[in-house]
Every structure is written in structure tokens, then in C-alpha cells.
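# Topology and contacts: notes
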Amino acid sequence: MNKLSSIKERLLPYFLHRLQQSGVPRPCYPDELMNAATVQYIPPGQRIEQPIPCLFFLVHGLLKEYYRNDRSLYPSTLVQLLMPDDIWLYNQSAYKFRTRTLMPSWLLQIPMEQLYCIVRSPRNLRSWLSEQEMIYAAKHCLSDFIKLQSNRDERIHLFLEEYGPYVDYLSNNEIHHYTGLDDAKIDKLRNRAFLYQRFD
């Protein structure tokens, strides 16, 4: 057994636990799921390249989604952060943004054609995937919601509630995009962010 297979064997029970929490009582074919799933270690700063749609589960690490643009003309724009325990269907061709690791990250991924191992019924599988997609897309809406708040204090509070623990991974430009603060005030905001650390 190679190192990645050994790691996968240890990670899969936790993934099955997360599936239960997301509404899947027990995968239909756990052995086939074990064979279909692959584990990926991605070092910090590397972009995820996945040409075909896959189901992803972030076991450990932190990922940043950002809009694709010509960085010589425009700075990158934060879409959302993906955090441990997040489950999402990643379709690189369908979205206009990219995904990059911000710290060493471990991903569990399952090809689309193997998702029957999780839910046998096509109808129930579509329903479960729609629910996961809704949870995933809701964070995109949250980012837009924060930016639309007219009250600056409320906007900053919402920003810190969502991103406070991770401000060290965000550029001043990305923070300004949400809060409207200048560099001096962003430095003060960074000093306040520790109050929003999560200990759960």
C-alpha cells in the first residue's frame, strides 16, 4: 500500500461521516467509493486544474476562489474561501473563476460517473447534488450581499464574521473591495480580526 492509499484509507471514514451529516445515511457501494475516490495533496499557491467535473471534499487546508481576469490590468477579486469540511461539485469549464490553495491542502475527489456509489437512485442523487450546489453557491451570494450593504460598519462586521480568521491570506485590495477601507484602516482591521477567530 503506497502512502496516498494509506492516507485515503484514514480519510474516507471521516468523509462518510460528513456524508451522513449532509443527508446520505450510508453510501450504496462503500467499497467502490473507496476505489473511486482519490486523494490529492496541493501545496500552497498552486491552482487547481480539474478539466472534468468532480465532487470535492476539502479535508484540510484553505482554498481561494477568485475571478479570472488580466492581472496586468485588474487585481484579482475574491469570490469566496473554501474551508475544511466543505463539499462541492467543481466544474472548471462552467465557472468564470479560478481556485488556488492558500495553505497546504488535502482534497478528496470523486469523478461524476462514480457518484452512484454515494446515492443509487438518480433522482435522489440529483436532489443531493442540488442541495450541495445550493450550499456552495450561497457563499457566492453572501459575498455579494456583504458588498451591497450601505452601512459601512455593518459591512465590515459581516466581512469579519465570514473572513476574519483568514484576513492574513487576503490582500489589501481584496479587503478594500468588500469594506471600502484604505490601507491604514485595513491595517487596523487586521489587528481586530483575531476577535473573530473560530475555535470550534
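Counting secondary structure elements, the chain contains six helices and five strands. In the chain, the order of α-helices and β-strands from amino to carboxyl end is α-α-β-β-β-β-β-α-α-α-α. Counting only residues that meet the buried cut, the chain has 44% of its 200 residues in that class. If you take every contact in the chain between residues at least 6 apart in sequence, the share linking residues at least 24 apart comes to 74%. A total accessible area of about 11200 Å² is found for the chain, and carbon and sulfur atoms account for 53% of it.

Turning next to the confidence of the model for the chain. In this model, the chain carries a mean pLDDT of 84, and residues with pLDDT of at least 70 account for 90%. Across the chain, the secondary-structure element scoring lowest on mean pLDDT is helix α1 (residues 3–21), at 80, and the one scoring highest is helix α6 (residues 183–192), at 92.

With that out of the way, let us pick up the side chain of E65. Here E65 shows up in strand β2 (residues 54–67). Despite its burial, E65 pairs with no opposite charge, the nearest such side chain being K139 at 8.2 Å. Here the side chain of E65 touches Y136 through a polar contact of 2.4 Å, side chain to side chain. Contacts of E65, omitting those with residues within four sequence positions, involve T77, L78, V79, Q80, L82, F97, R98, T99, Y136 and H140.

What follows deals with the packing of aromatic side chains. Tallied over the entire structure, the rule returns eight aromatic pairs. Between F159 and Y163 the ring centres are 5.4 Å apart and the planes differ by 50 degrees, which places this aromatic pair in the tilted class. Residue F159 and its partner Y163 are located together in helix α4 (residues 152–163), separated by four residues, close to a single helical turn. Per residue, the accessibility class of F159 equals that of Y163, and both read buried. Over the ring of Y66 we find K64, and its NZ or CZ is 5.5 Å from the ring centre.

Looking at the element boundaries, R155 is found in helix α4. For R155 and T179, which are 24 residues apart along the polypeptide, the C-alpha to C-alpha distance reads 6.3 Å. Ignoring sequence-local partners within four residues, the contact set of R155 consists of I146, K147, Q149, S150, Y178 and T179.

So, about helix α3 (residues 122–148). Taking 1.5 Å per residue, 27 residues should reach 39 Å; α3 reaches 38 Å between its end C-alpha atoms and fits that length. Of the positions making up α3, those classed as buried are L125, W128, L129, Q132, Y136, K139, H140, S143 and I146.

A pair of packed helices can be characterised by two numbers: the angle between their axes and the separation between those axes. Their axes nearest at 9 Å, the elements α4 and helix α5 (residues 172–179) cross at an angle of 130 degrees. It follows from the interaxial angle that α4 and α5 lie oblique. Facing α4, whose interface residues are R152, R155, I156, F159 and Y163, α5 presents I175, Y178 and T179. Looking at side-chain class alone, the contact of α4 with α5 contains five nonpolar, one polar and two charged residues.

Scoring rules and cut-offs
Residues numbered from 1 in each chain as written. Predicted model: local features only at pLDDT ≥ 70, side-chain atom pairs only at ≥ 80, totals over all residues. Heavy atoms only, no water. Helix = DSSP H or I, 4+ residues; strand = E, 2+ residues; numbered from the N terminus. Buried < 20%, exposed > 50% of the residue type's maximum accessible area, 1.4 Å probe, protein only. Contact = heavy atoms within 4.5 Å. Areas by Shrake-Rupley, 256 points an atom, 1.4 Å probe, with all protein chains shown as cover. pLDDT = per-residue confidence, 0-100. Lys, Arg positive; Asp, Glu negative; His and termini not counted. Salt bridge = Lys/Arg side-chain N within 4 Å of Asp/Glu carboxyl O. Polar contact = N/O pair within 3.5 Å; in protein donor to acceptor, adjacent residues only side chain to side chain. Phe/Tyr/Trp six-rings, centres within 6.5 Å; stacked < 30°, edge-to-face > 60°. Lys NZ or Arg CZ within 6 Å of the ring centre and 35° of its normal. Expected span 1.5 Å × (residues − 1). Axes fitted to C-alpha atoms, helices over the stretch in contact; angles between N-to-C directions. Parallel < 35°, antiparallel > 145°, perpendicular 65-115°, else oblique. Nonpolar A, V, L, I, M, F, W, Y, C, P; charged D, E, K, R; others polar.

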